[in-house]
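# Close look at the chain arrangement
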Amino acid sequence: GTATAAGSSAMPAGALAELTRLGDPDALTACVGAVVAEHGGRPTVVDYARFESQPVLVVVLVGSPAAPGRRYVVVVGPDCGRSGSGADQRYAVAE
């Protein structure tokens, strides 16, 4: 998908069914909170996408200790933010 501002990341119509839970504002907040708890920084972009044919949420962080002075892109699965799942991370890269 295309990147959107974190404040406007409402789940688009026809989004991936596996990510429906993350369309709930509380679940999305818990997910992004789990990503920040693991990597630090501040989320600037949150978007729904597919990664290696799997439904994911993409979170772009700035100010993460993992990528000083750069953006840190974290790809997480549908269990992100659930108790015991943490961020359900699938991939991360500094850019």
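Residues numbered from 1 in each chain as written. Predicted model: local features only at pLDDT ≥ 70, side-chain atom pairs only at ≥ 80, totals over all residues. Heavy atoms only, no water.

## Regarding the overall build of the protein chain
Convention followed: Helix and strand assignments come from DSSP, with helices taken as H or I runs of at least 4 residues and strands as E runs of at least 2, each series counted from the N terminus. For each residue, the accessible area found with a 1.4 Å probe, counting protein chains only, is set against the maximum for its type, and the residue is called buried under 20%, exposed over 50%, and partly exposed in between. Should any heavy atoms of two residues lie within 4.5 Å, those residues are counted as being in contact.
A tally of helices and strands in the protein chain yields one helix and four strands. Secondary structure elements of the protein chain occur, N-terminal to C-terminal, as α-β-β-β-β. Counting the 95 residues in the protein chain, one finds 36% classified as buried. Restricting to contacts in the protein chain with at least 6 residues of sequence separation, those with at least 24 account for 44%.

## A look at the state of the cysteines
Each disulfide consists of a covalent bond between the sulfur atoms of two cysteine residues. Rules: In this description, a disulfide is simply a cysteine sulfur pair whose atoms lie within 2.5 Å.
Going through the model one piece at a time under the given rule, you end up with one disulfide. A sulfur-sulfur separation of 2.0 Å characterises the disulfide bridge that pairs cysteine 31 with cysteine 80. Taking the sign of the S-S torsion, 95 degrees for the link of cysteine 31 and cysteine 80, the bridge is right-handed. Taken together, the positions of cysteine 31 in helix H1 (residues 25-39) and cysteine 80 in the loop between strand S3 (71-76) and strand S4 (89-94) put the pair 49 residues apart, joining distant regions of the chain. We note that cysteine 31, like cysteine 80, is buried.

## Thoughts on the sheet that holds S3
Strand-to-strand pairing in sheets goes through backbone hydrogen bonds, with the strands running parallel or antiparallel. Note the following rule: Any two strands with at least two DSSP-identified bridges between them are counted as paired. Axes, fitted as lines to C-alpha atoms, cover a helix only where it is in contact. Angles between the N-to-C directions of the axes lie from 0 to 180 degrees.
A sheet is described by the order of its strands in space; here four strands give the open sequence S1-S2-S3-S4, paired in antiparallel fashion. Each of the sheet's edge strands pairs with one partner strand only, and the pair in question is strand S1 (42-51) and S4. Neighbour-to-neighbour, the strand axes of the sheet open up by a mean angle of 20 degrees, direction not taken into account. Contacts between H1 and the sheet are confined to S1, strand S2 (54-62), S3 and S4, with S2 contributing the most and set at about 55 degrees to the helix.

## Description of H1
Note the cut-off: A helix is expected to reach a length of 1.5 Å times the quantity of its residues less one.
For H1, with 15 residues, the first-to-last C-alpha span of 21 Å sits near the 21 Å given by 1.5 Å per residue. Close packing links the buried residues of H1 with S1, S2, S3 and S4. Looking one or two residues beyond H1, the residue adopting positive phi is glycine 40, at roughly 75 degrees.

## Structural notes on the confidence of the model for the protein chain
Note the threshold: Every residue gets a pLDDT, meaning the predictor's confidence in that residue, from 0 to 100.
Confidence along the protein chain averages 87 in pLDDT terms, with 84% of residues attaining 70 or more. Per-residue pLDDT, averaged within each element of the protein chain, yields its smallest value for S1 (95) and its largest for S3 (98). Between residues 1-8, whose pLDDT stays under 50, and residues either more than four places distant or in other chains, the model counts 16 contacts.

## Examining the pattern of salt bridges
Stated formally: Salt bridge, as used here: a side-chain nitrogen of Lys or Arg that lies within 4 Å of a carboxyl oxygen of Asp or Glu.
Counted under the stated rule, the structure contains three salt bridges. In this structure, arginine 71 engages glutamate 95 in a salt bridge whose closest nitrogen and oxygen atoms are separated by 2.3 Å. Taken together, the residues span a long stretch of sequence, with arginine 71 in strand S3 and glutamate 95 in the segment after S4 at a distance of 24 residues. Judged by relative accessible area, glutamate 95 falls into the partly exposed class, the value being 45%. The closest approach of N and O atoms between aspartate 88 and arginine 90, which form a salt bridge, is 3.1 Å.

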